[in-house]
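# Remarks on the overall topology
So you can see what is in the structure, the chains are spelled out below.
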Amino acid sequence: MDSVDALLIQTDWSELDHAYGPASDAPFQLLALLGKDVQTRSAAVAYLDSSVLHQGSIYSATGPVALVVAAMLDDPRTMELVENVLPWDTAPRPLRLDLVDFLARVAESCMFDAVDDAALIAEAHPAGRDEADLERMRAETRAWLQDITRDDTSPPPKTPAAAMLDREFQQTMRARNKLACRSTAPELLAALTLVFDDPDGRIRVKALEAAVHLSGHQDLVEAQSALTERLESTAGDCSDPRARAAAARLLGMLGARPQALLLDEHPGVRACAALAPELADDPRATRAILDALLTPTVADHWFEGHLPGQEGWLRFDLIWAAVERVDDFAELLPAALATLPLAGMFTLDKDLGSFLTAAFPRLHQDGDRFSAAQRTYLSALIDREDLWRAASAQPWFRRTGLPRDRDTCRALVTPLQ
């Protein structure tokens, strides 16, 4: 990989964009990462999050910035501290940890596991579209973004309506940005290997997380077996339960069977190992998941922050896996009852929907008799008056064929209680 200075000089930053327009400011922000002032370093880290990878979006500048960040990883100055990076993220930690985390999020946003290159290439070069017309729209959009971000009092420029309203154009540009970013994967992975043995366990695990995502690249699939061995070794040697849980999730993402971690002393590590798809047929894994759901709030707070592959509360992943693996609702009932008190307006789909569908897998018909487990769960639902007022709960009742009226449901179960 080229040096930081070479990459900064060779790249035409004025031709690239980030979330807020032209990326001409990128070299200055990247150099600030290795500066002496902690506040300047921290602000530069925030720039990576807010501008270069805003809400997980990939821009034309994302790949080139990632290459520069990767070239910095073995620089001793990356062990200097950053803090107060974002208003909700104030804890001091080594700069290197944030740089590796940025690369992990870039790699995840490339979505190697969800969309193949052939589909992206088709989106990037839509049939019937004139390339010159696409480039004209791109130029107009860039000029508009540059104008509206100028720090002066001139009137706002006219919006390039054709480009803004052309969904195919927007999709084309996104696909091109993603393809360009994906092409950096081999170089990013090579740089990450330099910190696989970092003294800081957090950095080691985060680097491996980035590597796992990158290994979805068509030229890097063969690296997955070596990554599996390293993750198994890392989990076996690590005293930090969170790092072991992260390793368990990553092993699952690689299609491995982290059976040894089903015996871990920490219930959270056992549960994360149990989530591995290849352990779906292992009774011990299913038991670990169901046990974890008996105390869902505790499970949600086993570890600080999201683990690899986790988007919401950890219990959401556990619920999904439990419902997928267990056919008998009577076996699911304790977990369903334990999570029901947590079901609220914004979590009904996760906390209620999966269990309700599992409890009533076919449309209820007049005259159908409930099982004991169904009666118990429906009675618990009836006790939650607020759920019957929530509009977001009604579609779930409709899918089961159950009455959407609370009193009618109560009449169905009361005579059998």
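Residues numbered from 1 in each chain as written. Predicted model: local features only at pLDDT ≥ 70, side-chain atom pairs only at ≥ 80, totals over all residues. Heavy atoms only, no water.

### Some thoughts on the overall build of the protein chain
Within the protein chain, the secondary structure is distributed over 23 helices and 4 strands. Taken along the three principal axes of its C-alpha coordinates, the protein chain extends 80 × 55 × 40 Å. Across the protein chain, the fraction of contacts at a sequence separation of at least 24, relative to all contacts at a separation of at least 6, is 64%. Approximately 20600 Å² of the protein chain is accessible, and the part contributed by carbon and sulfur atoms is 52%. When the 41 basic and 64 acidic side-chain charges of the protein chain are each reduced to a single mean position, those positions are 6 Å apart. (Helix = DSSP H or I, 4+ residues; strand = E, 2+ residues; numbered from the N terminus. Contact = heavy atoms within 4.5 Å. Areas by Shrake-Rupley, 256 points an atom, 1.4 Å probe, with all protein chains shown as cover. Lys, Arg positive; Asp, Glu negative; His and termini not counted. Charge placed at Lys NZ, Arg CZ, Asp CG, Glu CD.)

### Description of the nonpolar core
Leu 30, Leu 33, Leu 48, Phe 102 and Tyr 377 are the most contacted members of the largest nonpolar core, which totals 129 residues. The element that contributes the greatest number of residues to this core is helix 5 (residues 95–109), accounting for 9 residues. Core analysis: the second largest hydrophobic core is formed by 5 residues, Leu 134, Met 137, Phe 169 and Met 173 among them. (Core = buried A, V, L, I, M, F, W, Y, C linked by side-chain atoms within 4.5 Å. Buried < 20%, exposed > 50% of the residue type's maximum accessible area, 1.4 Å probe, protein only.)

### Concerning unusual backbone geometry
Keep in mind that most residues, glycine aside, have a negative phi and that most peptide bonds are trans. Look at Gln 55: it is not a glycine, yet its phi comes out positive at around 50°. Counting through the fold element by element, Gln 55 comes out in the loop between helix 3 (38–52) and helix 4 (62–72). Assessed through its relative accessible area of 73%, Gln 55 is described here as exposed. Its identity as a non-glycine residue notwithstanding, Met 111 has a phi of 55°, on the positive side. For Met 111, the position within the fold is in the loop between helix 5 and helix 6 (117–124).

### Topic: helix 20 (residues 372–383)
If you check helix 20, its first and last C-alpha atoms are 17 Å apart, about what 12 residues at 1.5 Å a residue would give, namely 16 Å. Looking at helix 20, one finds that the buried residues are Ala 373, Gln 374, Tyr 377, Leu 378, Ser 379, Ala 380, Leu 381 and Ile 382. The inward-facing, buried residues of helix 20 abut helix 18 (329–339), helix 19 (348–359), helix 21 (385–389), helix 22 (394–400) and helix 23 (406–413). (Expected span 1.5 Å × (residues − 1).)

### A closer look at the environment of Asp 281
With respect to the secondary-structure elements, Asp 281 resides in the loop between helix 14 (267–274) and helix 15 (283–292). For Asp 281, a relative accessible area of 60% corresponds to the exposed category. A sequence separation of 52 residues divides Asp 281 from Leu 333, and the C-alpha atoms of the two residues are 20 Å apart.

### Focus: the packing of helix 20 against helix 23
At a closest axis distance of 10 Å, the pairing of helix 20 and helix 23 adopts a crossing angle of 145°. Note on packing geometry: the crossing formed by helix 20 with helix 23 is left-handed. The segment helix 20 lies against helix 23, with Arg 375, Leu 378, Ser 379, Ile 382 and Asp 383 engaging Arg 406, Cys 409, Arg 410 and Val 413. For the contact of helix 20 with helix 23, the class distribution of residues is 4 nonpolar, 1 polar and 4 charged. (Axes fitted to C-alpha atoms, helices over the stretch in contact; angles between N-to-C directions. Left-handed = near helix turned anticlockwise from the far one by under 90°. Nonpolar A, V, L, I, M, F, W, Y, C, P; charged D, E, K, R; others polar.)

### Regarding helix 4
An α-helical turn contains 3.6 residues, so any two residues separated by three or four positions project in the same direction. Of all 11 residues in helix 4, 10 are buried, a share of seventy percent or more. Three or more residues of helix 4 are buried, namely Thr 62, Gly 63, Val 65, Ala 66, Leu 67, Val 68, Val 69, Ala 70, Ala 71 and Met 72. Its buried side turned inward, helix 4 meets helix 1 (4–10), helix 2 (26–32), helix 3, helix 5, helix 9 (167–182) and helix 10 (185–192).

### With respect to the side chain of Asp 282
Inspection of the secondary structure puts Asp 282 in the loop between helix 14 and helix 15. Residue classification places Asp 282 among the buried positions, given a relative accessible area of 8%. Looking at Asp 282, its side chain comes within polar contact range of the main-chain nitrogen of Arg 284, at 2.8 Å. Look past the residues within four positions of Asp 282 in its chain and what remains in contact with it is Arg 257, Gln 259 and Leu 262. (Polar contact = N/O pair within 3.5 Å; in protein donor to acceptor, adjacent residues only side chain to side chain.)

### Comments concerning the packing of aromatic side chains
Within the structure shown, the criterion is met by 2 aromatic pairs. Where Phe 360 meets Phe 370, the ring centres are 5.8 Å apart and the plane angle is 80°; that geometry is what we call edge-to-face. Placement of Phe 360 in the loop between helix 19 and helix 20 and of Phe 370 in the loop between helix 19 and helix 20 is noted, with a sequence separation of 10 residues between them. You can call Phe 360 buried: its relative accessible area is 4%. The side chain of Arg 399 reaches across the aromatic face of Trp 396, ending 4.3 Å from its centre. (Phe/Tyr/Trp six-rings, centres within 6.5 Å; stacked < 30°, edge-to-face > 60°. Lys NZ or Arg CZ within 6 Å of the ring centre and 35° of its normal.)

### Points about the environment of Pro 296
Mapped onto the secondary structure, Pro 296 falls in helix 16 (residues 296–300). Since its relative accessible area comes to 5%, Pro 296 is described here as buried. Separated by 46 residues in sequence, Pro 296 and Leu 342 place their C-alpha atoms 8.5 Å apart. Sequence-distant contacts of Pro 296, that is, excluding residues within four places in its chain, are made with Arg 315, Ala 338, Thr 339 and Leu 342.

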